Each structure stands twice: as C-alpha cells, then as structure tokens.
Amino acid sequence: MADPARVKTEVVFSETSTSTDRPKQSEGSSDGPVNASTTSEPTAVQTSIKEEGKGRSAEDTAAGEEEDEASSSLHPPPATKLKVEHEKKKEKRQKVDEDEIQKMQVLVSSFSEEQLNRYEMYRRSAFPKAAIKRLIQSITGSSVSQNVVIAMSGISKVFAGEIVEEALDVCEKWGDTPPLQPKHMREAVRRLKSREQTPNTKHKHILFH
Amino acid sequence: MAEEEDDPGFDEDVDDGGNGAESGQGKRKRLFSKELRCMMYGFGDDQNPYTESVDILEDLVIEFITEMTHKAMSIGRQGRVQVEDIVFLIRKDPRKFARVKDLLTMNEELKKARKAFDEANYGS
C-alpha cells in the first residue's frame, strides 16, 4: 500500500517541478528547504531540492494521512493536477506582468519632455471606430460586430507602426533625415512584402501548369 | 499626384474595391489624415510628417483592411467577418496576434467591470 502511493507521488512531483521554473510554496507539502531556496536562480538546483523535499513529505503522507486536505496535491486526480499547474502558471504570469509594469514605470519616469509627448501620441492615437466600421461594412455588405471593429483597428495600428519603423530604418540607412518621404515608405513596403508581412493576394500560385 | 502615377498598384486597388464613382485614389476623401499624423509622430517620424507620406500610409492601411476583410469573408462562415477569422488569419504574425489577444481580453474585463459597477449602483 505504501509503496505504490509513494511512487505515484514522486512521479507527480517530478512532473510539476519540471514544468515550472519558479518554486511555488502554495501546494502545502514542501516547506523548509524549498522555501529557503526561493530566490536562487538555477532551476536544476531547485528541482533537485524539490524532489528531495517531496520525497520526505511523501514518506510522511504514506505513513500517516491519506486524506485529501493537506495531501490534495499528493494524490491528485489528473483534473486537479492540471488545475494546480494552471494556477502556478497564472501566478508566474502575474508576477512577470508586475515586473514589466514596474520597469515601464521606471522608464517612463525618466523620459524627457519630447519623449513624453511622443509616447503619449503613441499610446493615444487610434483609428476612429466609426470610419473603420463603415469601411468594413462597405466591403462585406452586412453588419459586423463591435469586437471585429476593435480587432481590426488594433491590427491596423500595428501594421502602420511596422511600416513607419521600417521606413525609419530605410531613411537612416540611406543617410536621410526624419520627415519620412514617399520613397522611404515605398521601399519599406517592398521590404515587408518580401518578408511576407504585408498581405498580398494578387499573385495566384499556380502549382502545376 | 506624381507618386500615384508612378505606382499603378494603388490605382488598381481602388478600381477593384469599387468605392463609389471615383476612379483614382486622389479623389476619395481622406479618412484618417489627422489620426495618421499623430500615429506617425508616435511611431518615430517628425512632428509634422509630409502629406504625401500620410497619404501613402492611408492607402496602405485601407488596402490592408480590405485584404483582411476579403480573406476573413472567405474562411469560416462565408460572407461574414467574425473575430475568430481575424485571429486565425493573424496567427503567424506574433506582434499582431498578441495585440489582438490583449485588446479582446481588456475589452472583456472592461465590460465586466462596468457591469459590476452598474449593478452596485442599482443596488444602492
């Protein structure tokens, strides 16, 4: 009875510890050495420590409590295990978001006035939803939902950004100065087309002829 | 005008798109002039971009939207444009895909927040 249980728990823990590279202290069973090592970087060290910790706690549970409260993570049916992994990933993602938000704040606070202006324009400029909706509806002939308009405006802004950035690259490469000229824009479009970042349905690929 | 004669591609687009009785790009009213100027400044251009460049960019954006719409109409549910189709078409381009996901998620969150706010007000 004890042996299969212990084997099963160790297998479970080696899976969960390799799937995340941050030690999570949420799942009860492993305290002590794992929590002490929360700040260490190398994941190999962490996983080995985790497995040691899990091994110890697996013995405890095999000896005593088989109940699900503290050891819900030790005897998880597949559904609970997936849910646990998903929560761990969500926590990790939230922490990464917070880091990124903090870094952005530090960056923006150190902007000069001109950079602040430009950043404000970058964030605030948008295509008017009414005009986009009218344009799409004139093409489809039927009405479209609001989400479609939101998605299309967002993608168009990214598209415009890609062209402007590429044109600025071209401008710099040709030794010209900023107000972008049509020749820069056209060269930028040509480059993006060759990289297939611009949609082009004008050429039919005839495979066998 | 000279730029448009050099680039027959742009004129062909309008004729195929069938936007009214105009025959050339120059005759259609400019839809996005103001917003595009702000956008170009935000993306790194000068504070006053050239009008011809803004025009070219507007034509490109309209062509992009037109192509996406046509493609979206041809996949999934025919003749209609749905969000899933757009997401499918964009899947290969990481930047645009991430942006669409973000926008739709934020929209959902805002809707939920507004609904919760309204219900709170209704209760009190």
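Residues numbered from 1 in each chain as written. Chains lettered and ligands numbered in written order. Predicted model: local features only at pLDDT ≥ 70, side-chain atom pairs only at ≥ 80, totals over all residues. Heavy atoms only, no water.

**Quick look at the overall build of chain A**
Assigned secondary structure in chain A consists of 9 helices and 0 strands. Along its sequence from the N terminus, chain A presents helices and strands in the succession α-α-α-α-α-α-α-α-α. Pairs at least 24 residues apart make up 51% of the contacts formed inside chain A by residues separated by at least 6 positions. Put simply, chain A shows about 13200 Å² of open surface, and 52% of that area lies on carbon and sulfur atoms. (Helix = DSSP H or I, 4+ residues; strand = E, 2+ residues; numbered from the N terminus. Contact = heavy atoms within 4.5 Å. Areas by Shrake-Rupley, 256 points an atom, 1.4 Å probe, with all protein chains shown as cover.)

**A look at the interface of chain A and chain B**
Where the parts come together, the accessible area they lose is often given as the size of the interface. Contacts between the two partners involve 50 residues from chain A, matched on the other side by 49 residues from chain B. Taking both sides of the interface into account, the surface hidden between chain A and chain B amounts to around 4900 Å²; carbon and sulfur atoms contribute 72%. One can count 3 salt bridges joining chain A with chain B. A:E162 serves as the salt-bridge partner of B:R95, at 3.9 Å between the closest nitrogen and oxygen. Connecting chain A to chain B are 8 residue pairs in polar contact (both at pLDDT 80 or more). If one sorts the elements of the side of chain A that touches chain B by residue count, helix α8 (residues 146–173) of chain A sits on top with 18 residues. (Buried area = accessible area lost by both parts, 1.4 Å probe. Salt bridge = Lys/Arg side-chain N within 4 Å of Asp/Glu carboxyl O. Polar contact = N/O pair within 3.5 Å; in protein donor to acceptor, adjacent residues only side chain to side chain.)

**Structural notes on the packing of helix α7 (residues 129–140) of chain A against α8(A)**
Residue and element names in this part refer to chain A. Here α7 crosses α8 at 105 degrees, and the two axes come no closer than 10 Å. Considering the angle they form, α7 stands roughly perpendicular to α8. Contacts between α7 and α8 involve K129, I132, K133 and I136 from the former and V148, V149, I150, M152 and S153 from the latter. (Axes fitted to C-alpha atoms, helices over the stretch in contact; angles between N-to-C directions. Parallel < 35°, antiparallel > 145°, perpendicular 65-115°, else oblique.)

**Looking at the confidence of the model for chain A**
Per-residue confidence for chain A gives a mean pLDDT of 73, with 64% of residues at or over 70. Segment residues 4–72 of chain A: pLDDT under 50, and 69 contacts once partners within four positions in sequence are set aside and those in other chains are kept. (pLDDT = per-residue confidence, 0-100.)

**Considerations on the pattern of salt bridges**
Counting across every chain of the model gives 14 salt bridges over all chains. When the shortest N-O distance is used, the salt bridge between A:R118 and A:E114 registers 3.1 Å. In this pair, A:R118 and A:E114 are both assigned in helix α6 (residues 113–124), 4 residues apart and thus about one turn of the helix distant. The class of A:E114 is partly exposed, set by a relative accessible area of 43%. Taken together, the shared-partner salt bridges connect A:E162, A:E165, B:D93, B:R95 and B:K96 into one network. (Buried < 20%, exposed > 50% of the residue type's maximum accessible area, 1.4 Å probe, protein only.)

**Focus: the layout of surface pockets**
Of the voids in this model, the largest pocket is the one considered here, and its volume is about 1800 Å³. Taken together, 37 residues form the lining of the largest pocket, with A:R123, B:R99, B:D102, B:L103 and B:M106 sitting closest to its centre. Among the residues making up the lining of the largest pocket, the classes are represented as 14 nonpolar, 10 polar and 13 charged. Taken as a whole, the second largest pocket encloses approximately 710 Å³ of empty space. If you go around the second largest pocket, you meet 21 residues; those closest to its centre are A:E196, A:T198, A:P199, A:N200 and B:K71. At the level of secondary structure, the elements contributing two or more residues to the lining of the second largest pocket comprise α4 (51–74), α5 (83–90) and α6 (94–123) of chain B. At 4 residues, the largest contribution of residues to the lining of the second largest pocket is made by α4(B). Along the lines of polarity and charge, the residues of the lining of the second largest pocket split into 6 nonpolar, 7 polar and 8 charged. (1 Å grid on protein atoms, 1.4 Å probe; cavity = no way out; pocket = protein on both sides within 12 Å on 5 of 7 lines; lining within 4 Å. Points joined across faces, edges and corners; volume = space filled by probe spheres on them. Nonpolar A, V, L, I, M, F, W, Y, C, P; charged D, E, K, R; others polar.)

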